[in-house]
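# Structure at a glance
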Amino acid sequence: MLRRTTRENFVRAMIIRAMIAAGLLWAGPVGAQPADQTEKEIEKYREMISDPMANPAYLNVDRGEILWAQKRGSKNVSLETCDLGEGAGKVEGAYARLPRYFADADRVMDLEQRLLWCMDKIQGLDTADVIKRRFSGPGVTSDMEDLVAYIANKSSGMKLSAPVSHPKEQEMYAVGEAMFYRRSSISDFSCATCHSEDGKRIRLQALPNLSVPGKAAQETMGSWPTYRVSQSQTRTMQHRLWDCYRQMRMPIPDYASDGITALTVYLTKKAEGGEILVPSIKR
């Protein structure tokens, strides 16, 4: 059995106390209550654990900071010379302007694509194990989730402003828009099926309208990466889109694929100007 650290035990206790106080943990009979009341209780719970010390995702931030400076690969160097778009080694504000075009790779990349590229080119690291552990699980940590949490946190409080000026960025935006509306697979679903109208819900979960610029898109895109309480793991936008395709019964997209990046370009542009507040916490 894996041993828990003192901080992990503290975080776990904080979450349980907050959930009990918010009425989300109850050992007695389950009674029905209006959906809007449930949403209010969930929001109350989120507020109660909004303090960084109560958000387990900050453990990912701490691990990511260590990984960023750790020497690895055949070249035995760190990622501290990796250019995320703001200059070699600069992480402050980098996440706010991603995805973007990188001339050295001649590609538009999101953060995870860029990190894989830097691991390969700068560190000489075999990324097979990194990709295998792209999503964390019980007893399995993810280097990518840790690095994304650390780097994204360095843009917290800043505004989303991914560029769409280079021809390849414009091309990716157009591809992402087409993917957003493309209906496919056995359910004949698209992203727009759930996310192109106001006021839609699935069970108790409100579905944001991501088809138009505005608050819904800004709050959605500005809140990833996030800690998912229901999964007890920190998740990135790569995982969110992967899981959306899985739930639509579509073929699972390859990790760090250009298609996922294109869709992220489209969604991030709709969220332009939104404030980044990460890592956040969600149900």
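Everything below is about the structure shown above.
As the structure is a computational prediction, the values presented were derived from the model and not from experiment.

On to the sheet that holds strand E6 (residues 233–235), then. The sheet built from three strands is open, its strands ordered E6-E5-E7 with mixed pairing. In this open sheet, the two strands that pair with only one neighbour each are E6 and strand E7 (280–282). Here the average twist between neighbouring strands, direction ignored, is 35°. Note that strand E5 (residues 226–228) and E7 share three bridges and pair parallel. Looking across to E7, one finds that Thr-226 is bridged to Ser-280.

Of note, Ser-280 is situated in strand E7. Judged by its relative accessible area of 14%, Ser-280 falls in the buried class. Ignoring any residue separated from it by four or fewer positions in sequence, one finds Ser-280 in contact with Asn-55, Ser-223, Pro-225, Thr-226 and Tyr-227.

This structure, assessed with the given rule, holds one disulfide. Bridging Cys-82 to Cys-118, the disulfide has an S-S length of 2.1 Å. Disulfide Cys-82-Cys-118: the torsion about the S-S bond is 70°, which places it as right-handed. Of this pair, Cys-82 sits in the loop between helix H3 (57–69) and strand E1 (100–102) while Cys-118 sits in helix H4 (residues 111–123), and the two are 36 residues apart along the sequence. The exposure classification of Cys-82 matches that of Cys-118, with both residues buried. For Cys-191, which is in no disulfide, the shortest distance to another cysteine sulfur is to Cys-244 and amounts to 6.7 Å.

Next up on the list: the nonpolar core. Judged by nonpolar contacts, the single largest core of 58 residues is most densely connected at Trp-68, Leu-84 and Leu-115. Among the elements that line this core, the one with the most residues is helix H6 (residues 143–153), at seven residues. Here Leu-115 is in contact with Trp-68, Leu-79, Leu-84, Met-144, Leu-147, Val-148 and Ile-151, once residues within four sequence places are set aside.

Applying the stated criterion to the full structure yields 17 salt bridges. Here Glu-145 and Arg-235 are joined by a salt bridge, their closest N and O atoms 3.1 Å apart. Of this pair, Glu-145 sits in helix H6 while Arg-235 sits in strand E6, and the two are 90 residues apart along the sequence. Like Glu-145, the residue Arg-235 is buried in the burial classification.

Parameters and conventions
Residues numbered from 1 in each chain as written. Predicted model: local features only at pLDDT ≥ 70, side-chain atom pairs only at ≥ 80, totals over all residues. Heavy atoms only, no water. Pairing = 2+ DSSP bridges. Helix = DSSP H or I, 4+ residues; strand = E, 2+ residues; numbered from the N terminus. Axes fitted to C-alpha atoms, helices over the stretch in contact; angles between N-to-C directions. Buried < 20%, exposed > 50% of the residue type's maximum accessible area, 1.4 Å probe, protein only. Contact = heavy atoms within 4.5 Å. Disulfide = S-S within 2.5 Å. Core = buried A, V, L, I, M, F, W, Y, C linked by side-chain atoms within 4.5 Å. Salt bridge = Lys/Arg side-chain N within 4 Å of Asp/Glu carboxyl O.

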